[in-house]
There are 4 protein chains.
Amino acid sequence: MLGIGVVGYGYWGPNLVRNFMEVDGSQVITVCDLRGERLAEAKRRYPSLHITREYRDLLDNPAIDAIAIATPVSTHFPLAMAALRAGKHVLVEKPLAASSEEAEQMIEAAEQRGLVLMVDHTFIYTGAVRKIKELIDNNSLGQLYYYDSVRINLGLFQHDINVLWDLAVHDLSIMDFIVQAQPSAVSCTGMAHVRNQPENVAYLTCFFDHNFIAHFHVNWLAPAKIRQTIIGGDRRMIVYDDLEPSEKVKVYDKGITLNGNPDSVYQLLVNYRSGDMWAPQLDRTEALRTEALHFIECVNTGQTPLTNGFVGARVVRILEAASQSLAQRGRPVELREGWLTQA
Amino acid sequence: MLGIGVVGYGYWGPNLVRNFMEVDGSQVITVCDLRGERLAEAKRRYPSLHITREYRDLLDNPAIDAIAIATPVSTHFPLAMAALRAGKHVLVEKPLAASSEEAEQMIEAAEQRGLVLMVDHTFIYTGAVRKIKELIDNNSLGQLYYYDSVRINLGLFQHDINVLWDLAVHDLSIMDFIVQAQPSAVSCTGMAHVRNQPENVAYLTCFFDHNFIAHFHVNWLAPAKIRQTIIGGDRRMIVYDDLEPSEKVKVYDKGITLNGNPDSVYQLLVNYRSGDMWAPQLDRTEALRTEALHFIECVNTGQTPLTNGFVGARVVRILEAASQSLAQRGRPVELREGWLTQA
Amino acid sequence: MLGIGVVGYGYWGPNLVRNFMEVDGSQVITVCDLRGERLAEAKRRYPSLHITREYRDLLDNPAIDAIAIATPVSTHFPLAMAALRAGKHVLVEKPLAASSEEAEQMIEAAEQRGLVLMVDHTFIYTGAVRKIKELIDNNSLGQLYYYDSVRINLGLFQHDINVLWDLAVHDLSIMDFIVQAQPSAVSCTGMAHVRNQPENVAYLTCFFDHNFIAHFHVNWLAPAKIRQTIIGGDRRMIVYDDLEPSEKVKVYDKGITLNGNPDSVYQLLVNYRSGDMWAPQLDRTEALRTEALHFIECVNTGQTPLTNGFVGARVVRILEAASQSLAQRGRPVELREGWLTQA
Amino acid sequence: MLGIGVVGYGYWGPNLVRNFMEVDGSQVITVCDLRGERLAEAKRRYPSLHITREYRDLLDNPAIDAIAIATPVSTHFPLAMAALRAGKHVLVEKPLAASSEEAEQMIEAAEQRGLVLMVDHTFIYTGAVRKIKELIDNNSLGQLYYYDSVRINLGLFQHDINVLWDLAVHDLSIMDFIVQAQPSAVSCTGMAHVRNQPENVAYLTCFFDHNFIAHFHVNWLAPAKIRQTIIGGDRRMIVYDDLEPSEKVKVYDKGITLNGNPDSVYQLLVNYRSGDMWAPQLDRTEALRTEALHFIECVNTGQTPLTNGFVGARVVRILEAASQSLAQRGRPVELREGWLTQA
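A word on the relation of the copies chain D and chain B
When chain D is fitted to chain B, the residual RMSD is 0.1 Å, and the transformation amounts to a turn of 180 degrees plus an axial shift of 0.1 Å. A rotation of that kind, with that shift, is consistent with a two-fold axis. By C-alpha distance to the rotation axis, the residue of chain D lying nearest is W278 of chain D, at 2.2 Å. When the interface residues of chain D are mapped onto chain B, 100% of them again fall at the interface, so both copies present the same face.

Given below as structure tokens:
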């Protein structure tokens, strides 16, 4: 039975507590938050919980094997490092850290101690994303052409991070999982409409070494909620709409075929192929439940998590480069090579 | 009764012929095309038409007062210049020309001779776009924050122009009409997935001198057809979906209000306001009919067209800069000032 | 080359003329209408057409082999009978006749003379309905449970027929085609909201001798346009939405399975099965074109039309019984047996 | 502080417990269920609760002022009568009772003792239905023409009641609330597709003494979930889609206007009016929370509940008549007069 401490009981913390409470193999021991009313709320729902304002209490408690961190991004690094140094396994809310340098230190600290470091890229554990991954892995889409996502709504403006770090992080984590390739450069544009606040709308393009492009549109100030991803391949294409109640993933047997002379602009014929559409049945297990079970298994068996520190660091690295490009109105920023895959 | 010659009877030409045939005040005299089977088709529908493969026949015919050009983009300039030199008023398919230099020469040629030069930015004449313009002009949206459009489908790959010049031209013309400001710079990314062919997917950001941003997503290789524009203001926001059968324009009484200290990142409170949604009744007259009548009126009265040469040139200038930026993976390209508004 | 006369050039007549003009194997010779402006309109589009106000001219013209009737329902019988007596093949707008007695006489008259009598049940010739028929015929749905259709909009009130005869006729013709069974009784309710006018909203249930039920909801006074049919089977279910631009037919691998003791109310377990959804690619040929070619082929080869007089009469018989039931607030009306299938 | 006992902790009971726990003015004392694992579940979530298998414990407990009943329909009557006789106020899950006779006895028992008897017609307390009621009361729709609802899905087959008593009860309660008139007769059709089980699909028409008609379509065996109600008036029409995430209620400024001679079938002109659509902002408070507060207030002040016993009995009376008509394939069944309104 894994003893869990949760730090941060705001929007996401209650979901972590509920899932680690409900699954077999773990038990939440203590919840830590700086706000008394949040602690009182946690206690009301789970009278057996310990509550504390002191993070130290989690680190010092030998009954706590692992700490789940659901606090503002800027605190991920110090809280995770302290946990790792105290010998605790760590699950960190997305994004893993506020910079790739922080992320690298976290990875190193976990490796040195043989501890699990996992980032809470929740979407990777949904039935929809796992089905898409399966379809891409079995070559249903053929060669991938593009990845295009829109994640917009009238949302909570954040003070400490811009909309990329809040929303695009989801889509970057999904793309990283299913595309299995890392961008070589990014170009990003966007704008802050509220003075002294971070950018609330952004458009990010990722370039790759091969014939593939990815684009991410995120916005905190949209009148309608949209969660739509289109993935184009040379054999089939997918539309993934996370707001659809039942058919979230639609696979289109559509595309182009080429005839004639490919070396001649004018003699090449582009033909269109339009076939059936298919919406596969998806596993509806709550993603965070699947993720909690995976975390427990990784701790128990030493297995490397699907969303390990390297995965988290890769996404942070793209966000970092995107913010640089954003500050320069889209100037492309190269991503340095070499460290982003696990040794 | 205005005598009309139409050159190019491919996809769009038949619509021009039909509308100039049906409205009061004009009559199509001759249709010109290089393809015999297209001419035969025109003759079958309108036995009274003259047909010809020789553009010269249109220029030399004194019964033809105006020429409508619906041919590939690269031919717009020579065909329009010949028409203007022959003293004919000209309506040119979008985009006006293949370069801003060409566009400027066309404007000058028309001005020198006192002829009407109009570009066929069809969407400007739809009930939906005119209603949006009215809402923005009467300040229903307040200060504009952003313009975001998506125009994608599995579409006809073009050989001579990339997807920006084929699809984004529509959205740039709409934005130019309703926003009444010109971008100071652009950043554009995209990709050609078919070897030796123009880019089939592109993402274009327009920057302005004020706190406003515009973005355009166009794609010839998408599994679903999307025609959606979101316009955010500080009072209200619009979602314009051209594929909706009845409620194409939805006005959302939603937004944010700011409280607290705007100079402090942490003391500023962003509140969310969510009110009614409203879909105004729209004029359903076919846009091209309204446009044909406007063209006739401009010729008859000397009035400057809503979509005159300057408008067409401004859009071409953005497309030109966008293509430059696209070739450099999003590097921002400044738009030179000074000539884009009418003297 | 089949010579065609068309009587009635209102809403539907122009579609008949266009299709019989365009397909190989037929030519429209004459259009007949009582309204001069409609005839002028026909002449404007097709200068080669003869136009007349005298139906006699069609009957007397030996170049006319077949007559297509697109006039108000009450005139179908006299116009068709005159045509058959003059030795012309006949295609009649739906519904075939204003009563089953009329329909039977028309069938007899055609049979006696060896002429083709076909009813214009257009939907039978759509790609969507033919695909549904194919799925049912190859047992993809298993045993059929129910047929449920909704056809409502803010529509043209008719003076001479109620909403059943105007709208439900479409759905009854589709059901007749794909279900291959005839109702044994009907119950129908509805209301006329405008004084002295026919019923503008109606709800019709058809009962069958087996474990199957069909229901039809039609309304001329609805704020939104809905064209939706649901067909439930014990293996799969179909949702057919005629307003969907691309995926009109969706096949759901959903249903129930039964376990336990079927003879015990309380020991029977009803389990739910939820699998993939699939939207087959559909033939997009215009239905009326397919239908026109089929009519020509039937005339030329003596083949019995898919939508022959018996089919038309069966639908009229249901409409007749439905109107009787409607007048008695849903009292069930039995359908007499014996004559509705072809000898 | 009102002490509440809840009997039945299956699907709906937990919602009752949660809301009576969370609102001010009430506290859940004891939960009663026959199933040990359900009681254990209740105790796990609310360790302070008393749990029992003996309904007697609720009746005998003087700390319990009111009992909320969320058990199978057939048990509503005995459980409610026992509660009333024990001097407890009662809130009963819909439908109020299994017959109108039972309902009348419950009303009488409550009246004699001056106790509150309320039926849990939850939808009446939603923001959507209260907004529709407001629009009808202020005559925004004009004279009502029709009420049409569809409530279908692949749902839980019930053993003891047919689909009308499970699903149509919701729509009948909404109609009763907003229309403020009672049907004079009903006609109902339907079918049981599983042997020995109740009807799983039904179509119910309600007739009124005036020019208004209502229809209800319910189905446990549909491939897609639909929750749509259309309300037609002579000034405006409403589409209420409960599955829409944000714009659940849409008001259409559409309809017909009549010109010419209303006494002549052929001289009357029906014109169509099509104006704006408007989706009012709705109160998003959880309905059951509003309802719990209303129940508490009624108990405390002696006020008659919005959904009192008479309301519940009226709906039961319609269900009863509908089941009679259903057994006779739609034969109209008159509703007796006189007792359905409060003295």
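Observations concerning the interface of chain D and chain B
Facing the 10 residues of chain D at the interface are 10 residues of chain B. Roughly 1000 Å² is buried in total at the junction of chain D and chain B, and carbon and sulfur atoms are behind 39% of that figure. On the chain D side of the interface with chain B, the three residues burying the most area are D276, M277 and Q281 of chain D, jointly 48% of the side's total. One can count zero salt bridges joining chain D with chain B. No other element matches strand β14 (residues 269-279) of chain D, which puts six residues into the side of chain D that touches chain B.

With respect to the packing of helix α6 (residues 127-137) of chain B against helix α7 (residues 163-179) of chain B
All names here are of chain B. Remark: α6 packs on α7, axes separated minimally by 9 Å, with the N-to-C direction vectors making an angle of 30 degrees. Looking at the two axes, α6 sits roughly parallel to α7. When the axes of α6 and α7 are compared, the crossing they make is right-handed. Between α6 and α7, the contacting residues are V129, I132, K133 and I136 on the first element and I174, F177 and I178 on the second. Looking at the contact of α6 with α7 residue by residue, the classes come out as six nonpolar, no polar and one charged.

Here we look at the interface of chain B and chain A
Between chain B and chain A, the residue contacts involve 60 residues of the former and 60 residues of the latter. Both faces combined, the contact of chain B with chain A buries some 5300 Å², and carbon together with sulfur accounts for 65% of it. As a salt-bridge pair, R329 of chain B and E334 of chain A come within 2.4 Å of each other at their nearest N and O atoms. Where chain B meets chain A, there are 19 residue pairs in polar contact (both at pLDDT 80 or more). Put simply, the parts of the chain that give the side of chain B that touches chain A at least two residues each are β7 (144-154), β8 (185-191), β9 (201-207), β10 (213-219), β11 (221-233), β12 (237-241), β13 (249-259) and β14 (269-279) of chain B. When residues in the side of chain B that touches chain A are grouped by element, the largest group, six residues, is from β11 of chain B.

Criteria and thresholds
- Here the residue numbering is sequential within each chain, running from 1 through the sequence in written order.
- The lettering of chains begins at A and the numbering of ligands begins at 1, in the order of writing.
- For a predicted model such as this one, the threshold for reporting local features is a pLDDT of at least 70, and the threshold for listing and counting side-chain atom pairs is 80 or more; totals across whole chains, interfaces and linings nevertheless cover every residue.
- Think of the side-chain values as coming from all heavy atoms in the structure, minus any hydrogens and water.
- Copy-to-copy alignment: least squares on C-alpha atoms, limited to residues at pLDDT 70 or above in both.
- Residues are treated as being in contact if the distance between any of their heavy atoms lies within 4.5 Å.
- We define buried area as the total accessible area lost by two parts upon association, computed with a 1.4 Å probe and summed across both.
- Definition used for salt bridges: Asp or Glu carboxyl oxygen within 4 Å of a side-chain nitrogen of Lys or Arg.
- In DSSP terms, a helix is any run of H or I states spanning at least four residues, a strand is any run of E spanning at least two, and both are numbered starting from the N terminus.
- To define axes, lines are fitted to C-alpha atoms, for helices over the stretch in contact only, and angles between the resulting N-to-C directions are given on a 0 to 180 degree scale.
- In this scheme, roughly parallel covers angles under 35 degrees and roughly antiparallel covers those over 145, while 65 to 115 is roughly perpendicular and the rest are oblique.
- Crossings are sorted by hand: turned counterclockwise from the far helix by less than a right angle, the near helix makes the crossing left-handed, and turned clockwise it makes it right-handed.
- Polar here means any residue other than Ala, Val, Leu, Ile, Met, Phe, Trp, Tyr, Cys and Pro, which are nonpolar, and Asp, Glu, Lys and Arg, which are charged; Gly is therefore polar.
- Polar contacts, as used here, are pairs of N or O atoms within 3.5 Å; protein pairs need one atom able to donate a hydrogen and one able to accept it. Residues neighboring in sequence count only if both atoms are side-chain atoms.

Fair warning: the whole summary comes from geometry, so function is off the table for now.
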